[in-house]
Number of protein chains: 2
Amino acid sequence: MPPTLRPPAARPRRVTIRDVATAASVSTATVSYVLNDTPGQTITEATRRRVREAAVALGYSPHGVARALREGQSRIVLLAVPSMRGGRGLESFVAGMSAELRTLDHSLLVTTSEDGLPREAIQAIAPRATLRLADFLAESAWRGPVLGAFDGRLAGLEFHTLTQLRHLAERGHRDIAFALPDHPDPIADQRVAHVEGAATSLGLGPVRVLRLEMGEDAHARRAAVRELAEATPVTAVATYSDDVALGVLGAMAALRLRAPDDLAVIGFDDGEAGRVSQPALTTVRIDAGGFGRRAARVALGLDPGEWVESPSEVIVRATT
Amino acid sequence: MPPTLRPPAARPRRVTIRDVATAASVSTATVSYVLNDTPGQTITEATRRRVREAAVALGYSPHGVARALREGQSRIVLLAVPSMRGGRGLESFVAGMSAELRTLDHSLLVTTSEDGLPREAIQAIAPRATLRLADFLAESAWRGPVLGAFDGRLAGLEFHTLTQLRHLAERGHRDIAFALPDHPDPIADQRVAHVEGAATSLGLGPVRVLRLEMGEDAHARRAAVRELAEATPVTAVATYSDDVALGVLGAMAALRLRAPDDLAVIGFDDGEAGRVSQPALTTVRIDAGGFGRRAARVALGLDPGEWVESPSEVIVRATT
DNA sequence: CGCTAGCACTTAAACGAATAAGTGACTAGG
DNA sequence: CCTAGTCACTTATTCGTTTAAGTGCTAGCG
């Protein structure tokens, strides 16, 4: 049987603006004006009430598709993420963005797209705006006044990275490494740049960048970590993610090195694994909810609103 | 400044079916018939070519919103997931579903919704179908012939759970525990039921269910794991996720218990953390791509197609 | 008393596609 | 020679909203 689509099911009649108009004995235009609170329209309170009551009585809700056709775009913003494997940071970002959009009568939909814009989805729903996460992480929309270095203005990931390194600096570490996965990553270069910037502004020495093997080859990991711990002055390693941190810690355990004495380790984005493993991982918890809200407003072309305070904090556990 | 939406930007004129019709000197109906290969229409090959050439020359692509209004639903299927924190399983599921839908001229969009259907998104885009992940995991759509127990037909999670426990059974374990997070979870009960079913069909003893504290309280975890290892005949523990497995392993390390000798541990869904931590975690890798494809076809009301073979396998590492 | 202005609405035209129901021209059958 | 049928298209309607442009009525002003 060839995979042909069967014809769409017979349409269950839906409640339209016309039904509301009839019920309230007005025209559809009046209904639209009332329900949308269109400014500059003179409609008596009595009529307004009639319309509103008819609408709820019939259970009317506007047909987003028809509206989108008329308005040229749907009340949706599309977020393109590289993959569905998110952490706490992405989760809170999406939650915040979604909540803020709901407030503004829009909704958030997520799509995966490796690179480029999700053209098919855009064709399909004509979103009000499309945001690529990787782009946005470096976007000036994140900027706002912030305590610390960098002339007071920081992008999101920059800020979290500063949080991460500041903790290390406060513990007295001067020579640090930054470990990131060896597999390709859209924002790896950005992250490295942020780490180097943060290190400079905190007065640390040059950062050793370590691309850690994240496959089954534990030997390679061990060799890399041994080299780091024994042949360099590095005393602490900040990581791209909790997973990478766990890799460093795993190699250290095999080498009988202890955190934080032999090497301090701090993760990023507070996953479950780091919390429950042994030794418990120090990490930075990112509350991207505020950023998500900002992202929502920026996507709709609104004023981003107030800057959110302390969007990231260090969760101190056993490895620093 | 009150947060009012600014008026939609002046619409950049888009290429419509009318433009194509004009360019090809035919009516819009003809264009539609040609581009959609509508059956039962007699249109000469010459005309068809003219239309198609005009369409590509103008860069025409149909306006999904207009089409959705006319057809009553958009060519989109909506997947509602409880959170953006997915693992390999979700990632491959989404990838497979998305790919299959693309084949069928639809696209996949993801939304988060704690419980219930994502009503706002549905209103907004009138999706062809909406799938709640949690529902779908238990759905009969997953069913197909499969080697092993359960009269040859298994749902997806059932299948993966069987893979997980079979490995333990093959290693000679009879008394096992199943550890799951203590925080609420939409599919926890299902998982437990599947584990019990699998244990029965494999001839194992009754399964001890352990809800593991997944917060900062390492003592509680340790106490629970000590009890399990010392006061029960349990020799192996299967877990809800790699994260839970790492928690068990962490507690074991603190108690100086060794895997697999004191207690064997097998995770679920092969995350990065389990692969790189020490000892390296045995786990089950789920390739949900095939399930995603099936889901796509089921969502569109098509025949699910052939059953996919071996959608999950055990990655044997150091803990079993 | 004629005219304008405001009020409280209504009419009608989009938005872009899909498709049922035509419409001439030509062919074939009786 | 008349009619029915096919061919190759076209015309016109529909989906459900939003919104510019009316419309009839009353009040107020000069």
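Being a predicted model, the structure only gives us computed values, none of them experimental. (Residues numbered from 1 in each chain as written. Chains lettered and ligands numbered in written order. Predicted model: local features only at pLDDT ≥ 70, side-chain atom pairs only at ≥ 80, totals over all residues. Heavy atoms only, no water.)

Enquirer: Describe in detail the confidence of the model for chain A, supporting the description with residues and values.
Expert: On average, residues of chain A score 88 in pLDDT, and 89% of them are at 70 or above. Here residues 1-9 of chain A scores under 50 on pLDDT; set against residues more than four positions off or in separate chains, the count is 12 contacts. (pLDDT = per-residue confidence, 0-100. Contact = heavy atoms within 4.5 Å.)

Enquirer: Summarise the interface of chain B and chain A; cite the residues concerned and give the values.
Expert: Counting residues at the interface gives 75 residues for chain B, matched by 75 residues for chain A. Regarding the contact of chain B and chain A, the summed buried area is about 6100 Å², with carbon and sulfur atoms giving 56% of it. Three residues stand out in chain B for area buried against chain A, namely Met84(B), Arg85(B) and Val276(B), and they jointly supply 12% of the buried area on that side. Residues Glu216(A) and Arg317(B) are paired through a salt bridge, measuring 2.5 Å at the closest nitrogen-oxygen approach. In this structure, the connection of chain B to chain A is made through 17 residue pairs in polar contact (both at pLDDT 80 or more). (Buried area = accessible area lost by both parts, 1.4 Å probe. Salt bridge = Lys/Arg side-chain N within 4 Å of Asp/Glu carboxyl O. Polar contact = N/O pair within 3.5 Å; in protein donor to acceptor, adjacent residues only side chain to side chain.)

Enquirer: I'd like a description of the protein's contact with DNA strand D, backed by residues and values.
Expert: In the vicinity of DNA strand D, 28 residues are found, and the nearest of them are Ile17(A), Arg67(A), Arg70(A), Ser27(B) and Thr30(B). When atoms of DNA strand D within 4 Å of the protein are split into backbone and base, the sugar-phosphate part holds 61%. Tyr60(A) is positioned such that a nitrogen or oxygen atom in its side chain is 3.0 Å from a sugar or linking oxygen of DNA strand D. Those elements giving two or more residues to the surface near DNA strand D turn out to be helix H2 (28-35) and helix H4 (64-71) of chain A together with helix H2 (28-35) and helix H4 (64-71) of chain B. For the surface near DNA strand D, the leading source of residues is H4(A), giving 4 residues. Classifying every residue of the surface near DNA strand D by side-chain character gives 11 nonpolar, 11 polar and 6 charged. (Near = heavy atom within 4 Å. Helix = DSSP H or I, 4+ residues; strand = E, 2+ residues; numbered from the N terminus. Nonpolar A, V, L, I, M, F, W, Y, C, P; charged D, E, K, R; others polar.)

Enquirer: I'd like to hear about the relation of the copies chain B and chain A, residue by residue, with values.
Expert: Screw-axis analysis of chain B against chain A gives a translation of 0.0 Å along the axis, an RMSD of 0.1 Å, and a rotation angle of 180°. Each copy turns onto its partner about a two-fold axis. For chain B, the residue whose C-alpha comes nearest the rotation axis is Val110(B), separated from it by 2.4 Å. Both copies share a contact surface, since 100% of the interface residues of chain B are interface residues in chain A too. (Least-squares fit on C-alpha atoms with pLDDT ≥ 70 in both.)

Enquirer: Tell me about the sheet that holds strand E6 (residues 236-239) of chain B, and please be specific about residues and values.
Expert: Residues and elements named next belong to chain B. Within the open sheet, the 4 strands sit side by side as E5-E4-E6-E7. Their pairing is parallel. With one partner strand each, in any of the chains shown, strand E5 (208-212) and strand E7 (264-266) form the two edges of the open sheet. Pairwise comparison of adjacent strand axes, ignoring direction, gives a mean angle of 25° for this sheet. Direction of pairing for E6 relative to E7: parallel, over a ladder of 3 bridges. Along E7, the bridge assignment pairs Val-237 with Val-265. Sitting on the sheet, helix H8 (residues 156-170) is in contact with strand E4 (176-181), E6 and E7, with an inclination near 170° to E6. Across the face of the sheet, helix H9 (residues 188-201) comes into contact with E4, E5 and E6 while running at roughly 170° to E4. (Pairing = 2+ DSSP bridges. Axes fitted to C-alpha atoms, helices over the stretch in contact; angles between N-to-C directions.)

Enquirer: Explain the sheet that holds strand E4 (residues 176-181) of chain A residue by residue, including any values.
Expert: All names here are of chain A. Sheet architecture is open: 4 strands sit in the order E5-E4-E6-E7, paired in parallel fashion. Each edge of the open sheet carries a strand with a single partner, namely strand E5 (208-212) and strand E7 (264-266). Strand-to-strand, the axes of this sheet are offset by a mean angle of 25°, without reference to chain direction. Along the sheet, helix H9 (residues 188-201) makes contact with E4, E5 and strand E6 (236-239), crossing E4 at roughly 170°.

Enquirer: I'd love a proper account of the protein's contact with DNA strand C, names of residues and values included.
Expert: Neighbouring DNA strand C are 28 residues, the closest being Ser27(A), Thr30(A), Thr47(A), Ile17(B) and Arg70(B). When the atoms of DNA strand C within 4 Å of the protein are sorted by group, sugar and phosphate make up 59%. A distance of 2.4 Å separates a phosphate oxygen of DNA strand C from a polar atom in the backbone of Ile17(B). One of the backbone N or O atoms of His63(B) is found 2.9 Å from a phosphate oxygen in DNA strand C. At the level of secondary structure, the elements contributing two or more residues to the surface near DNA strand C comprise H2 and H4 of chain A together with H2 and H4 of chain B. Class assignment for the residues of the surface near DNA strand C results in 11 nonpolar, 11 polar and 6 charged.

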